[in-house]
Amino acid sequence: MRFRIYKRKVLILTLAVAACGLVLWGSNGRQQRKNEAPGPPPPPPDAEPARGAHPAVSAGLRRAANTSAAPLGAAAARPEADNRTLRYRSLVYQLNFDQTLRNVEKAGAWAPRELVLVVQVHDRPEHLKLLLDSLRRAQGVDGLLVIFSHDLWSAELNRLIAGVDFCPVLQVFFPFSIQLYPGEFPGSDPRDCPRDLEKSAALKTGCINAEYPDSFGHYREARFSQTKHHWWWKLHFVWERVKVLRDYGGLILFLEEDHYLAPDFYHVFKKMWKLKQQECPECDVLSLGSYTASRSFYGIADKVDVKTWKSTEHNMGLALTREAYQKLIECTDAFCTYDDYNWDWTLQYLTVSCLPKPWKVLVPQVPRIFHAGDCGMHHKKTCRPSTQGAQIESLLNSNKQYLFPETLTIGEKFMPAVSPPKKNGGWGDIRDHELCKSYRRLQ
């Protein structure tokens, strides 16, 4: 009975989103010329929500208390969305429907090249600026479409992206974010159970998700659930709903706001793709690099390896074909019910449980992507993006003579069996499962 009730609630939420989309069908979605195409419209007139609302935590752990939970009891009332929140929702639906391309001469006639970049953006403008600076310095990117997928409306982030004038740009927005549902699911409902409440006590108090703690006995925290939701929604949306990609036959490279690209990343990617087609047709995905980088690139800058894909090594700069995507979406139920709030660890689980075979990945020995965000959801360190950026630039400058190799060769094939990962929890709530599964139906 409870399962049917929660499924009905998710269905109602899904229908509400579809209704908003229908209302906007009559709006003007025509693309504008390069010099006329504006950035996103200004936010609603009320003050913009402060960013940084989701504090950093250590790896594999979530905060010991759900501070958003109100005192429990039958008297707790369901909150109503305020006018500002409703205006944000309407704005997001409008932008996702219009899909205004910027920096293209004739939007209706323009078509993407063999690679499209998709960047998942949260609330770290300093890191995003580093990524954009690295992208600006990369060779050959002037014709690459970059899609920024946001889970926060932020004037500061929008200004940074409005400054991208060197390649085509599209912004889309995750429509089920905490910002758009601040006092109700998928955000934090005051009637939710606190994270550390024992299930027996939760059942007595009547908090609404008492039946559904995770594998470790903890209840959901919206700020941890959101990233996995956003990643899976974005995967569907760019392949199925972005109009300019409707008949696209190339690859999509998935990035995050705290990544940093080498100047020759696109040069190397094109050679990797050619090598994959000629010498590794069984390779399922491409990755631009792992988290370890040698101080010297001598003798290895032109080498790539074939390996078994591991979430802890190959989750940066993951490039998927439509074929790989279609195999993934067949695993929607497995992805959406696996009790781990990390999207990449969940993908690791799929490679050994649902996909036809474990992924083989083609990856360069010298990374063409770097992680500049050693802080945030999985770290307690103080964020120093400028310092991290300077270290990466120093490494690249000291090895610039080895970049842009003329040819690539496969150096090593190492494909050990991969065991199922140890789940981290944080994804036991049936509402998360049903909402996650609904994204495919929305397509």
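Here is what the cut-offs are and how they apply
- Residues numbered from 1 in each chain as written.
- Predicted model: local features only at pLDDT ≥ 70, side-chain atom pairs only at ≥ 80, totals over all residues.
- Heavy atoms only, no water.
- Axes fitted to C-alpha atoms, helices over the stretch in contact; angles between N-to-C directions.
- Helix = DSSP H or I, 4+ residues; strand = E, 2+ residues; numbered from the N terminus.
- Parallel < 35°, antiparallel > 145°, perpendicular 65-115°, else oblique.
- Left-handed = near helix turned anticlockwise from the far one by under 90°.
- Contact = heavy atoms within 4.5 Å.
- Polar contact = N/O pair within 3.5 Å; in protein donor to acceptor, adjacent residues only side chain to side chain.
- Disulfide = S-S within 2.5 Å.
- Buried < 20%, exposed > 50% of the residue type's maximum accessible area, 1.4 Å probe, protein only.
- Pairing = 2+ DSSP bridges.

**Some details on the packing of helix α6 (residues 222-240) against helix α12 (residues 430-442)**
Logical step 1: Between α6 and α12, the least distance of the axes is 9 Å, while the angle of their chain directions is 15 degrees. Judged on the interaxial angle alone, α12 and α6 are roughly parallel. As for the relative orientation of α6 and α12, their crossing is right-handed in sense. Residues Ser 225, His 229, Trp 232, Trp 233 and His 236 of α6 touch α12, and the partners they reach there are Asp 432, Leu 435, Cys 436, Tyr 439 and Arg 440.

**Points about the side chain of Gln 179**
Logical step 1: Along the chain, Gln 179 turns up in the loop between β3 (169-173) and α5 (199-205).
Logical step 2: Side-chain polar atoms of Gln 179 contact the backbone nitrogen of Trp 153, separated by 2.6 Å.

**Overview of the state of the cysteines**
Logical step 1: Tallied over the entire structure, the rule returns 4 disulfides.
Logical step 2: Across the disulfide, Cys 193 is cross-linked to Cys 207 (sulfur-sulfur distance 2.0 Å). On the sign convention where negative means left-handed, the S-S torsion of about 90 degrees between Cys 193 and Cys 207 marks this disulfide as right-handed. With Cys 193 in the loop between β3 and α5 and Cys 207 in the loop between α5 and α6, this residue pair connects regions lying 14 residues apart in the sequence. The exposure classification of Cys 193 matches that of Cys 207, with both residues buried.

**Details of the sheet that holds β3**
Logical step 1: Strand order in the open sheet formed by 9 strands is β3-β2-β1-β4-β8-β6-β9-β7-β11, with mixed pairing between adjacent strands. A single partner strand is all that each edge strand has here, and the edge strands are β3 and β11 (409-414). Across this sheet, the average inter-strand angle for adjacent strands is 25 degrees, counted without regard to direction.

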